[in-house]
Structure formats: structure tokens, C-alpha cells
Protein chains: 2
Amino acid sequence: MLDYKLLQALATVVEFGGFERAGEQLGLSQSAVSQRIKALEVRLGQPVLIRHPALRPTPAGQRLLNHVQQVQLLERDLRAALPTLEEASPRLRIVLNADSLATWWAVAVGDFCRTEGLLLDMVVEDQDVGLKRLRDGEVAACLCASDQPIAGARCVPLGTMVYHPFATPDYIARHFPDGPTVEAFRRAPAIVYGPHDQLQHRFLASCGYHGSFPYHLCPSSEGFVRLTVAGMGYGMLPQMQVASLVAEGRLDSIAPERSLAVPLYWHFWRHSGELLERLTGVLCGVRLE
Amino acid sequence: MLDYKLLQALATVVEFGGFERAGEQLGLSQSAVSQRIKALEVRLGQPVLIRHPALRPTPAGQRLLNHVQQVQLLERDLRAALPTLEEASPRLRIVLNADSLATWWAVAVGDFCRTEGLLLDMVVEDQDVGLKRLRDGEVAACLCASDQPIAGARCVPLGTMVYHPFATPDYIARHFPDGPTVEAFRRAPAIVYGPHDQLQHRFLASCGYHGSFPYHLCPSSEGFVRLTVAGMGYGMLPQMQVASLVAEGRLDSIAPERSLAVPLYWHFWRHSGELLERLTGVLCGVRLE
């Protein structure tokens, strides 16, 4: 068997971002934590941590972290079968898209986490980075718009989120007096989540517009809504996130017939125990409307 | 004078995350963009971009980007004085904390951006990374909780955001039936924004509790609220973000007398032109209540 004291030290250093904090967490001195990491590196014959510029695992370190998390998940199943074993509650690391976390995610998984005593370590990334982190074994599951399968993982479709180009009525009157025209698109400030966010571009392309346009960059789902409501721009927002603002007449679509449906897929490791299977069952029951 | 065509190519490659997209933006072929970057590197005698694993500027490249942004800001002032010059609308890159972006930021700056035709490139980081990016010249300003001055930048206090340990009434009845006790803190799942978020630890320390506690990690302001409302945990939330949920009785404080006030400071480059000075004037008029 591997020496899990060493692996736990590695997992704790990475989770808490440093040797001192990991020591506090484990009830060890910083130097004891450091010795465990060194012992692990000696046994492995290569480094498990990159120290500079930021502390992060090497590819080999990530493989070990992947393994630690899988073992912790299997331990959970064991503890369910043998309830007198000492209790522990590993955090399940999941990468997901910002808009799901800002909308339906908590309602969908809240009861399950409560019942199972499950803690989540949520990571927000776009789909390419998210799938890479799943492939690298950094996370146990990835919720994203890509159906590209990952070796060793299963992929199940969860439905779609529907986006509309929303803005305030004032903004629409000022910038789109003649509707969604090429001239309006060229001048009206938009809001884009980040450099890899293609929704705004896809919307404009669906309207036949392929030129440049002014936009704010706002990498926050809630901030995106706030900017839109403050009249700073128009942007592609999930219908479900702003339903009440639309009902109150504070937001409206600049092109009601132009919506984009973004599919969501749940990728997760095979053979990681029953907990992930049951969580998957819960997610498959979600209605994204 | 520097060759600004080359500098603009660098800025566009970094902003759009690739040579192909930068080319689309500039109306150039990918190979023309690549040639401009190479020409810049030859003149500088060192690389300006790191290609792997992700495209990002070298420290020298960042200095150049800093300079480009300062020049663009100064050009804005020039254009205000000479309105017949061809118009351009540079994005002002600002790093700020997630909770400000999720609450008061858009209302505070919305009118100003509209009037000035100003576009923002917002970056969400915690204060240490944010101040580092300001120091490195990656951003023009940083909104954070630290009053640590940066050479070449001014720092003005904007007020404080007040945080309370909120949860649903059901959650409080289940996990804190006897109030905020040591035994309850040891078992009740909390919600923490990320490994560097110290608010929960500061709250527990203020209650005299220094032990470990179970928690979810949720790096999203809106997700944090959703998890709390779904009863998954209790967490330190800005009073202003959840005022309506508190008024509706959906959230309550687990320890009403224990709030934490987090100060906010606005750090910005000196000598970057009038636009930043005027934006600073707008921010100084904000009341964070």
C-alpha cells in the first residue's frame, strides 16, 4: 500500500495553498508537512509540487491527487456499509460553468448534499479548461457545454440553458430604436463574460452581423446581470437567471425571436464509487427550464 | 517613438487569447500578427509572450501592455480636447473583488461609463493577486480590501462592506439550536469562497473558535448566495447583497451581534490621465450601505 499520510499531506498543501496552512489543518508543524512532501518525492523519484511562481502540483502530483480523491470516494461507500468506522467527509471537487452555479445548481444538489453530508469543492472554468482538469484528474466531474468524451469518464446530457440578448427598456430605446440593425450592433456596447465567451459572437452571427462591436468584459454571472440592469450594455443572459427581472419589465430582449440554446453535459469518472453515480442520478432528474 | 502597430498586435493577442482571433480583430492574417510579435521580440531582445501551457505575456510583455494602456488613456484625453480626431474607445482594465462586482459596482459606475462611452475590462481576483497585477502594470486600477500602497499608484478609501453569517431559518434551527456554540461550529457545514478567503476563519475566531470545520468551496458570489438559500451551509455574506432575502425572512444571521466590516480601497496609477481621476471622483461619492 501507498503511505497515505504522505498523500494526505500533498492533498492538504494543494487545497490550502501552502505548507503552513496545511500544517494547521493537519495538526502538524510546517516542517513536518515539508518532510512528508519530500519523502513522497524521494519515493516517486520526481517532484510533486511546483513552488514558483505559485504552489501547484506537477503532472505526477496531480495523478496522486486524483488517486487520493478516488480513494476518499471509495472510503465513503465503505463507511456507508460500516457505519461504525470513524466518520470523515471528503470534499468532492467539481468543475462547472459560472451560469449553472449562479442559477439552478444549488437547488438541484442541495438536498442531496444535506442528506449525504457531502461537501463540494466547486471550481468555475470554461469548458476547455474544465475538461482538461477532468482529464488531468484534478476534479471528479465537469459540467459544461461540450459533449466531447474523455477517456475513463462517462458523459450524460442534462438539457439546455436558453439565452436571450437582454437589456433595459431604456437601453433598447436608445441603442436599438430601429431594432437589431447592423448599424446598432456596430455601436451599442455589449457585455461579454470573457475572451473565450463566444455567445455574443454566435448571437451576432445568427443575425447576419460579423463585424466588430464595443463591449465590456465581465467575468461574473451576477456582475453581468448588474451591468445589464444598470444600462451599461446588452448581453446574452440565461432566461432562468433573469426571469423575475423580465416579468417586472426591467429587462427585455433586443431581438425576441433570437435565442441560443446551450446544451449542458455532465462528465464524471467511471469507477469512482456510488456517491458520484447517485449524484449523477440526481442531476439527470433536473429540469433546466 | 515606439512602433505602436507592434504593441497593438501584442495587446490584441493577449486580450483575445490567440493569434487567429487577434488577426480577425485587427483585420490581419494570423501570420501577419505573428510577424509583428516576432518583430517586437527582435527589437526588445527577449520574448514578450509565453506560448505554453497558456498564452500569456512575459514580465517584459506586461510592461509593454501597461504602457499601451497608459497611452490609450492619454489618447482619450487628447480626443476630448480634439473631438475631430478619429474616435476610439479603449477598454479600461480594472481588477476588483467578486462581491463588489456582484453588488454595488454597476450602479456606481453605470452612468459614468454611459456618459463617457467608457468600456471596462473587469478582472476578478483576491487582493494579493489584484495588487500584484496593478504593480505589474496589467491593470490600471485595483479595488480591494488592502490599504498597502503600491509605488506609482494612489490609494483612496471608499468605505466598508458589512458581512454577517447568514443561513436559512431551517438551517439555523437544525445546526444552531443552541446558538453559535463550539459544538455547532465543529459540525455545521459552512461556505467559503476559496482557499484564500479568510472571512469565515475571522468570524469563527471572533467567536473564540479556532478548530476545524466542514465547508463547501464556492468561488462565485451568486453561487454563494444560492448555496446558502438552498440550505447547504451558512456563510459570510454582504448585508447589501442579501437585504431583500433577509427582509423576506429567507435568510437570517446565526449570530446577529457578530458582523465583520471589510474596508475597500481604490488603487490606481498616478499620471494616467483625467479619465481615471474622474472615475475616482465618482467612486469616492459612493455610499456602501
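Residues numbered from 1 in each chain as written. Chains lettered and ligands numbered in written order. Predicted model: local features only at pLDDT ≥ 70, side-chain atom pairs only at ≥ 80, totals over all residues. Heavy atoms only, no water.

- As annotated in an unreviewed UniProt entry, chain A carries the name LysR family transcriptional regulator (Chromosome initiation inhibitor) and comes from Halomonas fontilapidosi.
- According to UniProt, the comment filed for chain A under the heading Sequence similarities (unreviewed entry) is "Belongs to the LysR transcriptional regulatory family." (UniProt positions renumbered as here; feature names shortened; annotations may be inferred.)

### Some thoughts on the packing of helix α11 (residues 221-229) of chain A against helix α12 (residues 239-247) of chain A
Residues and elements named next belong to chain A.
Here's step 1: Contact pair α11 / α12: the axes reach a minimum separation of 11 Å and the direction vectors enclose 30 degrees. In terms of orientation, α11 lies roughly parallel with respect to α12. The handedness of the crossing between α11 and α12 comes out as right-handed. In this structure, α11 uses Ser 221, Glu 222, Val 225 and Val 229 to contact α12, whose residues at the interface are Gln 241, Val 242 and Leu 245. (Axes fitted to C-alpha atoms, helices over the stretch in contact; angles between N-to-C directions. Helix = DSSP H or I, 4+ residues; strand = E, 2+ residues; numbered from the N terminus. Parallel < 35°, antiparallel > 145°, perpendicular 65-115°, else oblique. Left-handed = near helix turned anticlockwise from the far one by under 90°. Contact = heavy atoms within 4.5 Å.)

### Thoughts on the environment of Gly45(B)
Residue and element names in this part refer to chain B.
Here's step 1: Here Gly 45 lies in the loop between α3 (30-44) and β1 (49-50).
Here's step 2: On the basis of relative accessible area, Gly 45 is assigned to the exposed category, the value being 64%.
Here's step 3: On a C-alpha basis, the gap between Gly 45 and Phe 213 in space is 52 Å, while along the polypeptide they are 168 residues apart. (Buried < 20%, exposed > 50% of the residue type's maximum accessible area, 1.4 Å probe, protein only.)

### A short note on the UniProt feature "domain: HTH lysR-type" (unreviewed entry) in chain A
Here's step 1: Following the UniProt record, the feature "domain: HTH lysR-type" (unreviewed entry) maps to residues 2-58 of chain A here.
Here's step 2: In the segment residues 2-58 of chain A, helix accounts for 63% and strand for 7%; the C-alpha atoms at its two ends are 19 Å apart.

### Brief notes about the interface of chain B and chain A
Here's step 1: Chain B puts 42 residues into the contact, and the matching count from chain A is 42 residues.
Here's step 2: Area buried by chain B at its contact with chain A is led by Arg114(B), Tyr215(B) and Leu217(B), which between them contribute 15% of it.
Here's step 3: Counting across the interface, chain B meets chain A through 0 salt bridges.
Here's step 4: Taken together, chain B and chain A are joined by 16 residue pairs in polar contact (both at pLDDT 80 or more).
Here's step 5: The set of elements that each furnish at least two residues to the side of chain B that touches chain A consists of α1 (4-16), α2 (19-26), α6 (105-116), β4 (119-124), β8 (215-217) and α11 (221-229) of chain B.
Here's step 6: Looking at side-chain class alone, the side of chain B that touches chain A contains 24 nonpolar, 10 polar and 8 charged residues. (Buried area = accessible area lost by both parts, 1.4 Å probe. Salt bridge = Lys/Arg side-chain N within 4 Å of Asp/Glu carboxyl O. Polar contact = N/O pair within 3.5 Å; in protein donor to acceptor, adjacent residues only side chain to side chain. Nonpolar A, V, L, I, M, F, W, Y, C, P; charged D, E, K, R; others polar.)

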